[in-house]
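# Observations on chain architecture
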Amino acid sequence: MDQDGSLWIVAPESVQQVGCIHTCQGLEVDYVGVIIGPDLVMDGDTLKSVPRARDRHDKTMKGFVKMSKEQPAEAARQADMIIKNTYRTLMTRGMKGCYVYATDARLADYLRARMQGSPACDENQS
C-alpha cells in the first residue's frame, strides 16, 4: 500500500499481493482469491466460527475477550456474524470469479462438495 495506496488491488502487480477485508473494502476486481483461515472451520456437519483463531490484531474483534467473559452468548453471536460477513465480503469482490482456499481440510471438502456439478467449478482444481 506504500506505492498504490488504497487502490493497490487494481495495480498490475496486485496478483502477487495479499490484502484483507480492510484494504479491499468497496473495491472490485475481475478475479479474487480468498484464503479462509482457521477462524472458520467445519465441526462435524456444522460450519463453525472460531473467534480466538482470528488474528489478534484484527480490529473488528476488538473487545471480544472482555465481552466473552461478561456476555458469552452475545460475544459468540457477534463474532460469528463478523467472521462470516468478512469472508462473504471478500468472496464478492471478484466480478468474474473467486478462487477459494480453506486451511481447514474439512471445510475445503465441504465447499468442494457444494460446488460439484456447478458450471463455475473446475473439477480438475483441488
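A brief look at the structure comes next. (Residues numbered from 1 in each chain as written. Predicted model: local features only at pLDDT ≥ 70, side-chain atom pairs only at ≥ 80, totals over all residues. Heavy atoms only, no water.)

## Describing the environment of alanine 53
- Residue position: alanine 53 is located in the loop between strand 3 (46-49) and helix 2 (64-70).
- Between the C-alpha atom of alanine 53 and that of glycine 37, which follows or precedes it by 16 residues, the distance is 8.3 Å.
- Leave out the neighbours within four places in its chain, and alanine 53 touches Pro38 and Asp39. (Helix = DSSP H or I, 4+ residues; strand = E, 2+ residues; numbered from the N terminus. Contact = heavy atoms within 4.5 Å.)

## Regarding the pattern of salt bridges
- Enumeration according to the criterion identifies seven salt bridges in this entry.
- The salt bridge involving arginine 93 is made with glutamate 28; its shortest N-O contact spans 3.6 Å. Here the residue arginine 93 occupies a position in the loop between helix 3 (72-91) and strand 4 (94-102), and glutamate 28 occupies one in the loop between helix 1 (21-24) and strand 1 (29-36), the gap between them amounting to 65 residues.
- By relative accessible area, which is 41% here, glutamate 28 ends up partly exposed. (Salt bridge = Lys/Arg side-chain N within 4 Å of Asp/Glu carboxyl O. Buried < 20%, exposed > 50% of the residue type's maximum accessible area, 1.4 Å probe, protein only.)

In short, shape yes, function no, at least from these values alone.
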